[in-house]
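The residues making up each chain are set out below.
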Amino acid sequence: MKRFLLAALFFAVLLLIWEALYRAKIWSPVLLPSPQQVALYLEGAVVDGTLAKATVITMRRLLIGYLIGLVVGLPLGLLTARWKLFGDTVGTMALGLQTLPSVCWVPLALLWFGQTEAAMLFVVVMGTLWSVVIATETGVRNVPPIYRRAALTMGSKCLHMWFKVILPASLPFIVSGMKQGWAFAWRSLMAAEIFVTILTGFGLGQLLHYGRELSAMEQVIGIMIVIVVIGLLADKIFFSPIERFLHRRWGTSQA
Amino acid sequence: MHLARRHHSSAAEELEVIAPSKLAIENVSKRFKGASGSVLALDHVSLNVAEGEFVCLVGASGCGKSTLLNIIAGLEKPDGGTVLTDGKPVTGPGRERLVMFQEPALFPWLNVFGNVLFPLKLKPNLTNKDRRDVAKYYLELVGLSRFERANIHELSGGMKQRVSLARALAPNPRVLLMDEPFAALDALTREQLYGDIQEIWKARRKTIVFVTHNVREAACLGDRVLVFSPHPGRIREEFAVDLPRPRDINSVDLAVHATEITKALKSFGQPELAAVQ
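Residues numbered from 1 in each chain as written. Chains lettered and ligands numbered in written order. Predicted model: local features only at pLDDT ≥ 70, side-chain atom pairs only at ≥ 80, totals over all residues.

S.K.: What's the story with the overall build of chain B in this structure? I'm lost.
M.R.: A tally of helices and strands in chain B yields ten helices and ten strands. Its C-alpha atoms give chain B a radius of gyration of 19 Å, near enough to 19 Å, the size a compact globule of 277 residues would have. In terms of its C-alpha atoms, chain B occupies a principal-axis envelope of roughly 55 × 40 × 35 Å. Counting all 277 residues of chain B, 47% fall into the buried class. For chain B, the proportion of contacts with a sequence separation of at least 24, taken over those separated by at least 6, is 71%. (Helix = DSSP H or I, 4+ residues; strand = E, 2+ residues; numbered from the N terminus. Rg over C-alpha atoms; globule rule 2.2 N^0.38 Å. Buried ≥ 20, exposed ≤ 12 C-beta atoms within 10 Å, placed from the backbone. Contact = placed C-beta atoms within 7 Å.)

S.K.: Help me understand the overall build of chain A in this model?
M.R.: Helices and strands together make up the secondary structure of chain A, namely eleven helices and zero strands. Along chain A, from the amino end to the carboxyl end, the secondary structure elements read α-α-α-α-α-α-α-α-α-α-α. When the backbone C-alpha atoms are referred to their principal axes, chain A occupies close to 75 × 55 × 30 Å. Counting across all 255 residues of chain A, residues that qualify as buried make up 35%. By sequence separation, contacts in chain A at least 24 residues apart represent 73% of the contacts at least 6 residues apart.

S.K.: Help me understand the packing of helix 4 (residues 112–121) of chain B against helix 6 (residues 157–169) of chain B, please; the structure alone is not making it clear to me.
M.R.: The geometry of a pair of packed helices is captured by two quantities: the angle between their axes and the separation between those axes. All names here are of chain B. Orientation of helix 4 relative to helix 6, taken along the N-to-C sense of each, is 30 degrees, at an axis distance of 7 Å. Taken together, helix 4 and helix 6 sit at an angle that is classed as roughly parallel. The two elements helix 4 and helix 6 cross, and the hand of that crossing is right-handed. Along its contact with helix 4, which presents V112, N115, V116, F118 and P119, the element helix 6 presents V163, A166 and R167. Taken together, the residues that form the contact of helix 4 with helix 6 break down as six nonpolar, one polar and one charged. (Axes fitted to C-alpha atoms, helices over the stretch in contact; angles between N-to-C directions. Parallel < 35°, antiparallel > 145°, perpendicular 65-115°, else oblique. Left-handed = near helix turned anticlockwise from the far one by under 90°. Nonpolar A, V, L, I, M, F, W, Y, C, P; charged D, E, K, R; others polar.)

S.K.: When you look at the sheet that holds strand 8 (residues 207–212) of chain B in this model, what are you seeing that I'm missing?
M.R.: Residues and elements named next belong to chain B. Strand order in the open sheet formed by six strands is 6-7-8-3-9-10, and the pairing between neighbours is mixed. Here the strands that pair on one side only, and so sit at the sheet edges, are strand 6 (97–100) and strand 10 (234–240). When the angles between neighbouring strand axes are averaged without regard to direction, this sheet yields 20 degrees. Bridging between strand 3 (residues 54–58) and strand 8 involves five bridges; their strand directions are parallel. Bridging from a neighbouring strand, V55 pairs with V209 of strand 8. Contacts from helix 6 reach strand 6 and strand 7 (175–179) within the one sheet, and its direction differs from that of strand 6 by about 175 degrees. (Pairing = 2+ DSSP bridges.)

S.K.: Explain the nonpolar core here, please?
M.R.: B:I72, B:Y138 and B:A166 are the most contacted members of the largest nonpolar core, which has 86 residues in total. The contacts of B:Y138, once residues within four sequence positions are left out, are B:V116, B:A166, B:L169 and B:A170. Grouped together as the second largest cluster of nonpolar side chains are 34 residues, A:V123, A:L129, A:V133 and A:I174 included. (Core = buried A, V, L, I, M, F, W, Y, C linked by C-beta atoms within 7 Å.)

S.K.: Honestly, the interface of chain B and chain A in this entry has me stumped. Any pointers?
M.R.: Across the contact, 20 residues belong to chain B and 16 residues belong to chain A. Secondary-structure elements contributing two or more residues to the side of chain B that touches chain A are strand 6 and helix 4 of chain B. Split into classes, the residues belonging to the side of chain B that touches chain A amount to 14 nonpolar, three polar and three charged.

S.K.: I would appreciate a short explanation of the sheet that holds strand 4 (residues 80–85) of chain B in the present structure.
M.R.: Within a sheet, adjacent strands bond to each other through the backbone by hydrogen bonds, running parallel or antiparallel. Strand order in the open sheet formed by four strands is 2-1-4-5 (chain B), with antiparallel pairing between adjacent strands. A strand with exactly one partner marks an edge of an open sheet, and here the two such strands are strand 2 (37–49) and strand 5 (88–89) of chain B.

S.K.: Which parts of the structure should I look at to understand the environment of A:A94?
M.R.: All names here are of chain A. Inspection of the secondary structure assignment puts A94 in helix 4 (residues 84–99). Along the chain, A94 and V132 lie 38 residues apart, while their C-alpha atoms are 9.4 Å from each other. Setting aside anything within four residues of it in sequence, one finds A94 in contact with T80, W130, V133 and I134.

S.K.: Hey, could you run me through helix 7 (residues 187–204) of chain B in this one?
M.R.: Because each turn of an α-helix spans 3.6 residues, side chains separated by three or four positions end up pointing in the same direction. Residues and elements named next belong to chain B. Here helix 7 is 18 residues long and its end C-alpha atoms lie 25 Å apart, about the 26 Å a rise of 1.5 Å per residue gives. Residues of helix 7 that are buried sit in contact with strand 3, helix 5 (128–141), helix 6, strand 8 and helix 8 (215–221). Positive backbone phi, at 45 degrees, marks R205, one or two positions downstream of helix 7. (Expected span 1.5 Å × (residues − 1).)

S.K.: Can you walk me through the confidence of the model for chain B in this structure?
M.R.: A low pLDDT means the predicted coordinates there should not be read in detail. All names here are of chain B. Counting all residues, the mean pLDDT for chain B is 89, and 94% of those residues have values of 70 or more. Highest mean pLDDT in chain B belongs to helix 4 (97); lowest belongs to helix 10 (residues 271–276) (43). Across residues 1–8, confidence stays below pLDDT 50; counting only partners more than four residues off in sequence or on other chains, it has twelve contacts. Interface confidence for the predicted complex, given as ipTM, is 0.87, next to a pTM of 0.84. (pLDDT = per-residue confidence, 0-100.)

S.K.: Would you explain helix 2 (residues 35–47) of chain A in this entry?
M.R.: Residue and element names in this part refer to chain A. Between its first and last C-alpha atoms helix 2 spans 18 Å; for 13 residues at 1.5 Å apiece the expected length is 18 Å, and the two agree. At its buried positions, helix 2 is contacted by helix 3 (50–82) and helix 11 (217–250). Downstream of helix 2 by a residue or two, G49 has a phi angle that is positive, lying close to 85 degrees.

S.K.: Can you walk me through the environment of B:F32 in this structure?
M.R.: All names here are of chain B. Secondary-structure assignment places F32 in strand 1 (residues 23–34). Accessibility expressed as a C-beta count within 10 Å gives 14 for F32, which makes it partly exposed. The residues touching F32, leaving out its near neighbours within four places in the chain, are S38, V39 and A41.

S.K.: Can you walk me through the pairing of strand 8 of chain B in this structure?
M.R.: Put simply, side chains in a regular strand alternate between the two faces of the sheet. Residue and element names in this part refer to chain B. Within strand 8, six of the six residues are buried, which leaves it mostly tucked inside the rest of the structure. Residue alternation in strand 8 divides its side chains into two sets, T207, V209 and V211 and I208, F210 and T212, and both sets are buried. In terms of strand pairing, strand 7 meets strand 8 through five bridges, oriented parallel. Considered in strand 8, the bridge of L176 is made with I208. This β-α-β element, strand 7 to helix 7 to strand 8, shows right-handed connectivity. (Right-handed = clockwise from strand over helix to strand, strands pointing away.)

Set out below in structure tokens:
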């Protein structure tokens, strides 16, 4: 409770500073709207449904792309770790493409797929995939050989070895790769949405973009806050519990 | 088994004391090629272990005793020679020969109970309830019933090795292969485990091959102690230890045997071994 109060106090102070800066009139109110104006915009966007609609569209793109990235990336990472041929080819390619900022896929996606949902998905998948491949490969390579040997003597083979020993043993690496993949996917999707208008749906990035076009700063800041909150929620609701479980089981410190 | 009788018939069958195996190791050789040339780890080693016998292999580090254990386990293939269990050649790992390693090798993603359950889940023809009953029985046998929900990192070194022992015993193997399982533990914990392992061996009847560099430990546990010499790895001498059980590691009679074995070891020129004792 005390921690919660302190955190609440911190954010209240941030708001006060913002309000003070607004009242000091150092910048034009067009460039720095008041917290109240932003709140009013958000309220309006909630009431007329634009915010909910944009959030749903963005999250749908993100989740579908992310899932495809996971479903393709995990097995690819396992194969890469298991067979030299895959490691030398797919592994090297993954390492290279992972260093490519995923927003760099946007021009290519646009030319290949046009202004469609497929282009958006493609960018998200590319953001997720390579991180997951690399993390899975690293995880598998870091499984202590003694686990394999112990499992072998107990009669574990092939698929059982992969699913009940090697995969769980590499879980800490895989989860951090999933987290990185999520971060990359989220960033690249926002970039793509700001860049590209797709008529099948207006996502959060597009709302941000049109906020700029209309010089509606309260919209820009309002949407930015929404994006931050979604990122925070994903972390707190999805990743934190998994990480807490891993820390508890493996005995790695959480501090 | 009084505990077994209370349970489902299949769990009871699973917990029955089964006949231990007879091991025959014939002319086994193994050469390792490394950066510094090749080493003959085992040179035509032959050894017979009777059903239910407790045999200890002692020797300095690198004398090939662990290699022999891995070959019996089926984790490594010999370059020459054969290993037979009850007359059948060993071609790979199998759960009738389970290994207890020096490091506990417990799985951190499972809790204590999950670890003991792991080999049982690989055994067909058991219901899940049977498996759980069997796992519970062995955790009780090693004195860790209270810790079945604990995570592995929460256990002390001695407790980890107890869980390892329970996990190795759980599928009811005929042979137990132990590779310096107590080497990393403190003296007090080890002494406790010497008592426990003798009791469990008596209750569960296993053929045990136990590798160690600790001569007292070997004399305390083994019916026979085989002395290895390195480069090339060979069995050089054999001692029968006919002291009554359970044996106390600190007894004078045991020390007499240990001294004799140590003398033999030293005669093969391993100065670092004197320091161990």
